[in-house]
Amino acid sequence: MPNSFHKAIKSALADENLQAALDGNAERRTQGRLTAFASLPDAQAMRQRAHAVRAEVIEHLDRYLEQFLTQVQAHGIVVHQAADAAQAVKIILDIAHSRAPAGPITLAKSKTMLSEEIHLNHALEQAGIRPVETDLGEYIVQLRGEPPSHIITPAVHLRRQQVGQLFHEKLGVPYTEEISEMTNTARRTLRQAFLGAQIGLSGVNFGVAETGTLVLMTNEGNGRMVTTLPPVHIALMGMERLVPSLDDLALMMALLPRAGTGQKITVYVSLIHSPRRPGESDGPRERHLVLVDNGRSAIRQTPLSEVLYCIRCGACLNACPVFREIGGHAYVGKQGEYSIYPGPVGAVLSAALFGASEFGHLARASSLCGACKEACPVDIDLPKLLLRVRAGEVSPVTPAKKAVPNAPRTLKLGIRAFSLAATHPRLFGIAQRLAGLGGKLAAPRSMWMRLPALTGWGANKDIPRPAVRPFHARWKARRKADAGGGRSQAAFIRKMLPPSPERSLAAPPSPLMGEGVGLRPDGENTGLARFSAELEALGGSVTLCLESELAGRILDLLMRRGIQSVMAWDARGLPRGLLEVLRRGGISVQHEPDPSLRAGITGALAGVAETGTLVIPGGAGRPLTASLLPEIHLAVLRKGDIYENLSQVFSLREVREASSVVLVSGPSRTADIEMTLTIGVHGPGEVHVFCVG
Ligand code: SF4
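Fair warning: this is a prediction, and the values are worked out from it, not measured in the lab.

Side note on the environment of R29
Okay, step 1: With respect to the helices, strands and loops of the structure, R29 is situated in helix α2 (residues 16–38).
Okay, step 2: Along the backbone, R29 and G262 are 233 residues apart, and their C-alpha atoms lie at a distance of 6.7 Å.

Section: unusual backbone geometry
Excluding glycine, residues mostly have negative phi values, and the peptide bonds linking residues are mostly trans.
Okay, step 1: Within the chain, N294 stands out as a residue other than glycine whose phi angle is a positive 45°.
Okay, step 2: Inspection of the secondary structure puts N294 in the loop between β10 (286–292) and α13 (296–300).
Okay, step 3: Given the relative accessible area of 13%, N294 is considered buried.
Okay, step 4: For M675, which is not glycine, the phi torsion reads 60° and is therefore positive.
Okay, step 5: Note on placement: M675 falls in the loop between β20 (669–670) and β21 (678–679).
Okay, step 6: On the basis of relative accessibility, which here comes to 4%, the residue M675 falls in the buried class.

Brief notes about the packing of helix α8 (residues 136–144) against helix α9 (residues 160–171)
When two helices pack together, their arrangement is captured by the angle between the axes and the distance separating the axes.
Okay, step 1: Close contact between α8 and α9 brings their axes to 10 Å; oriented N to C, the two are set at 60°. Judged by the twist between their axes, the crossing of α8 over α9 is left-handed. Of the residues in α9, those touching α8 at L136, Y139, I140, L143 and R144 are Q162, V163, L166, F167, K170 and L171.
Okay, step 2: Considering only residue class, the contact of α8 with α9 consists of eight nonpolar, one polar and two charged.

Here we look at the nonpolar core
Nonpolar side chains tend toward joint burial in soluble globular proteins.
Okay, step 1: The biggest cluster of nonpolar side chains holds 108 residues, and the ones touching the most others in it are F68, F206, L249, M253, L289, V615 and F650.
Okay, step 2: Ranked by the residues each element gives to this core, the list is headed by helix α12 (residues 246–261), at 10 residues.
Okay, step 3: If near-sequence neighbours (up to four positions away) are discounted, V615 is found in contact with A604, L605, A606, V608, V649, V655, V661, V662 and L663.
Okay, step 4: One finds V267, I587, I616 and A626 within the second-largest nonpolar core, a separate group that totals 46 residues.

Some points on empty space enclosed by the protein
Okay, step 1: Summed over all chains, the structure comprises seven cavities of 30 Å³ or more.
Okay, step 2: Put simply, the largest cavity is a space of about 670 Å³.
Okay, step 3: As for the largest cavity, its lining consists of 38 residues, and the residues nearest its centre are K111, I151, I152, N205 and M217.
Okay, step 4: Among the elements that line the lining of the largest cavity, the one with the most residues is α12, at four residues.
Okay, step 5: Residues that form the lining of the largest cavity fall into these classes: 15 nonpolar, 13 polar and 10 charged.
Okay, step 6: By volume, the second largest cavity amounts to about 160 Å³.
Okay, step 7: T227, T228, R287, L624 and S660 are, among the 20 residues lining the second largest cavity, the residues nearest its centre.
Okay, step 8: Residues belonging to the lining of the second largest cavity are distributed by class as follows: five nonpolar, nine polar and six charged.
Okay, step 9: The two domains that each donate at least three residues to the lining of the second largest cavity are domain 2 (74–296) and domain 4 (527–692).

Overview of helix α5 (residues 85–99)
Okay, step 1: Its 15 residues place the ends of α5 22 Å apart at the C-alpha level, agreeing with the 21 Å of an ideal helix rising 1.5 Å per residue.
Okay, step 2: What α5 keeps buried is the set A85, A88, V89, I91, I92, L93, I95 and A96.
Okay, step 3: Looking at where α5 begins, the residue whose side-chain oxygen comes 3.3 Å from the main-chain nitrogen of A86 is D84.

Focus: the confidence of the model for the protein chain
Low pLDDT marks stretches whose predicted atomic positions should not be read closely.
Okay, step 1: Per-chain confidence: the protein chain averages 88 in pLDDT, with 86% of residues scoring 70 or above.
Okay, step 2: A low-confidence stretch, residues 492–525 stays under pLDDT 50, and its non-local contacts, those more than four residues away or across chains, total 54 contacts.

Considerations on the pattern of salt bridges
Okay, step 1: Inspection of every chain in the model, using the stated rule, returns 27 salt bridges.
Okay, step 2: The salt bridge partner of R296 is E117, with a shortest N-O separation of 2.9 Å. With R296 in helix α13 and E117 in helix α6 (residues 113–117), this pair connects stretches of sequence that are 179 residues apart. Across the pair, E117 and R296 agree in class, each one buried.
Okay, step 3: In the salt-bridge network here, residues are joined through shared partners; they are E117, E240, R296 and R312.

Considering the packing of aromatic side chains
One pair of aromatic rings is described through two measures. These are the centre distance and the angle between the planes.
Okay, step 1: The tally for this structure, following the rule as stated, stands at four aromatic pairs.
Okay, step 2: Taking NZ or CZ as reference, R63 lies 5.0 Å from the ring centre of Y64, over its face.

Things to note about the sheet that holds strand β12 (residues 565–568)
Okay, step 1: Pairing in this open sheet of six strands is parallel, and the strands run β11-β22-β17-β14-β12-β13 from one edge to the other. Each having just a single partner strand, β11 (541–545) and β13 (588–590) make up the two edges of the open sheet. In this sheet, neighbouring strand axes are inclined to one another by 25° on average, regardless of whether the strands run parallel or antiparallel.
Okay, step 2: With five bridges connecting them, β11 and strand β22 (residues 686–692) associate as parallel partners. Note on β22: the bridge partner recorded for L544 is C691.
Okay, step 3: Along the sheet, helix α25 (residues 527–537) contacts β11, β17 (632–638) and β22; its crossing angle with β11, the most-contacted strand, is approximately 150°.
Okay, step 4: Of the strands in this sheet, β11, β12, β14 (599–603), β17 and β22 touch helix α26 (residues 547–560), which is tilted by about 160° from β22.

Description of the pairing of strand β2 (residues 105–109)
Okay, step 1: β2 sits mainly inside the fold: five of its five residues count as buried.
Okay, step 2: The side-chain alternation of β2 yields two buried faces, one formed by I105, L107 and K109 and the other by T106 and A108.
Okay, step 3: In terms of strand pairing, β2 meets strand β3 (residues 129–133) through five bridges, oriented parallel. Opposite K109, over in β3, you have E133 as the bridge partner.

Here's the deal with the side chain of R241
Okay, step 1: With respect to the secondary-structure elements, R241 resides in the loop between β7 (232–238) and β8 (242–243).
Okay, step 2: With no salt bridge to any partner, buried R241 finds its closest opposite charge in E240, at an N-O distance of 4.8 Å.
Okay, step 3: A polar side-chain atom of R241 sits 3.2 Å from the main-chain carbonyl oxygen of N205.

Some details on the sheet that holds β2
By way of backbone hydrogen bonds, the strands of a sheet pair with one another, either parallel or antiparallel.
Okay, step 1: Spatially, six strands are ordered β1-β10-β7-β4-β2-β3 in an open sheet, and the strand pairing comes out parallel. Of all strands in the sheet, those bounded by a partner on one side alone are β1 (78–82) and β3. Adjacent strand axes in the sheet meet at a mean angle of 20° when their direction is disregarded.
Okay, step 2: Judged from the five bridges that link them, strand β4 (residues 199–203) and β7 form a sheet pairing that is parallel.

Observations concerning helix α3 (residues 43–59)
Okay, step 1: For α3, with 17 residues, the first-to-last C-alpha span of 24 Å sits near the 24 Å given by 1.5 Å per residue.
Okay, step 2: Those residues of α3 lying buried are A43, M46, R47, A50, H51, V53, R54, V57 and I58. Within α3, the buried residues cover an arc of 160° as seen down the axis, which keeps them to one side.
Okay, step 3: Looking at the buried side of α3, the elements it contacts are α2, α4 (61–74), β8, α12, α13 and α18 (371–375).

Some words on the environment of N17
Okay, step 1: Along the polypeptide, N17 turns up in helix α2.
Okay, step 2: Taking the relative accessible area as the measure of exposure, N17 reaches 34% and is therefore partly exposed.
Okay, step 3: With 142 residues separating them in the primary sequence, N17 and R159 have C-alpha atoms 6.6 Å apart.
Okay, step 4: Beyond its immediate sequence surroundings of up to four residues, N17 is in contact with R159 and Q162.

The rules behind each value
- Residues numbered from 1 in each chain as written.
- Predicted model: local features only at pLDDT ≥ 70, side-chain atom pairs only at ≥ 80, totals over all residues.
- Heavy atoms only, no water.
- Helix = DSSP H or I, 4+ residues; strand = E, 2+ residues; numbered from the N terminus.
- Buried < 20%, exposed > 50% of the residue type's maximum accessible area, 1.4 Å probe, protein only.
- Axes fitted to C-alpha atoms, helices over the stretch in contact; angles between N-to-C directions.
- Left-handed = near helix turned anticlockwise from the far one by under 90°.
- Contact = heavy atoms within 4.5 Å.
- Nonpolar A, V, L, I, M, F, W, Y, C, P; charged D, E, K, R; others polar.
- Core = buried A, V, L, I, M, F, W, Y, C linked by side-chain atoms within 4.5 Å.
- 1 Å grid on protein atoms, 1.4 Å probe; cavity = no way out; pocket = protein on both sides within 12 Å on 5 of 7 lines; lining within 4 Å.
- Points joined across faces, edges and corners; volume = space filled by probe spheres on them.
- Domains from an automatic or database assignment.
- Expected span 1.5 Å × (residues − 1).
- Polar contact = N/O pair within 3.5 Å; in protein donor to acceptor, adjacent residues only side chain to side chain.
- pLDDT = per-residue confidence, 0-100.
- Salt bridge = Lys/Arg side-chain N within 4 Å of Asp/Glu carboxyl O.
- Phe/Tyr/Trp six-rings, centres within 6.5 Å; stacked < 30°, edge-to-face > 60°.
- Lys NZ or Arg CZ within 6 Å of the ring centre and 35° of its normal.
- Pairing = 2+ DSSP bridges.
- Lys, Arg positive; Asp, Glu negative; His and termini not counted.
- Arc of directions from axis to C-beta.

Pasting the structure below:
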């Protein structure tokens, strides 16, 4: 193990703040995941389906890419393909400079690990462009000048006191330990960046091959801001992040947030098809897609190709007993540089993308317990891949090439001896008896205590002593003894096995989830009842009313909040006469984006009962900013437009054809500081649905 890695581990283990922060994260994320998956009746079958979908895409990547890019270009998005990091950076710099040739340029970013991979921020700063991270966790680590320590919770290594002090020093605000106050500070500061940026840059969670859809999932709403407000949007996408169809997307949307944050669905899912179209009042006039290879094509040819199935949910990090102790910043290369991707998936990805000579040792930071595989929503066999990295199988498979094991000479000798014994049962039995007897006779404790000093292995956990009698001998003896007692072989095996992990499913909910929902007490098993229950559990409200009562209900809410002006869709997208009545009631109605307005009124194409989701299409007279900029979002939904699930909604023509569609599931939220749920980060803090029946 390189000295740099050893040192990083030691310092992580000695850091009390880090240990407390990691404990909180691991506990809540793991329990949240188990609870969220418990709400799926066929979770295991869904994982297998997701695995098959990803395997199909990686196997036939060229075909799906061609289909996807043809659709994307047909929608008016400019496509750029980058073979490596340097090309990707150059493309982005060229776009930025050509759109804003003179004066300072601000580029507002939503979280993308790919931009970390290509070291984009550094290149932008060198070129005089100011990158502003807008995800709360990313913003915090950017202010600290360090990389994210987790792929979905970048500031997971910090306590609230550290963030409070950071904001005090860097933003000049009074020191506080109140997480809601810190979040408000970030909201105020970053609003200026969203509104002033010439360019917005986002990642892409999925690209849908059949429709050319760019899919972006965020909880805070910053992803929506950077893809809607600046005049130019650049989407940065790894070439492997495809799904064949919208149906496959619905499957991934059910699994990814459950695994990553314990949510049934991410608060905002943007389905982007094109730049702003004629007659639309918001959305960027230019959209670019930068599709990055940077080693992915090469990985497809290696025994590590399964790592490309990854959908970056972060669950394997939260589940890994090593990551839970050392955190993301301890995963360093030989020269001490941070591994962009930490945890079990990072140990494989970093070796595959950036070289096993620099990062191959990270694969040894694993107990191979299998927790990562069990947590993975697409069932990637990470222990198998970690073993392959250890064995040096990181290069393209060619008959002439033999893998060079990535391990010290002593370990290689040991493995050879072990494989000899393991393939000869008698030899194995003898070796085990000798080891067991040695441990028993020669200074029973001290011998095992000295091993860590000699090998480094077991320095932070107990080394199990070998059994004096091999398992097979004990098995035979036990069977003989049980023969008269009628004990069956199956009963014996059951006794020897550890308890099933399913037993721990009854866990408390994640802070990003609601209380756990069911149908209304009256047992009315309707779409509306389920929709209401799900949305209310997420912090939204649902009011059922007649169309004739609608204006009065909305007026009443606005009056109670002291609101005189609203931003709204135009009359074509709302029930007839609604805006007229509001105006007569003294409300000024605007249709252009205006960040000073406190309430926005929109219609909704559909509601999704199983997740309490509103489906809101953009288009002429339907500004998406009405559901994004104001602190209160009021949506009008017809009762007959509630569907049971996402797949049904994805078959609607408008969802496939609108320039952009956003799925909204409750108010904007974050848990980036100490896993504490805070409502209303960048998007609205209140969502009220008026369901017209
Ligand atoms: S390997 Fe699996 S669990 Fe880990 S980040 Fe990727 S999808 Fe999630």
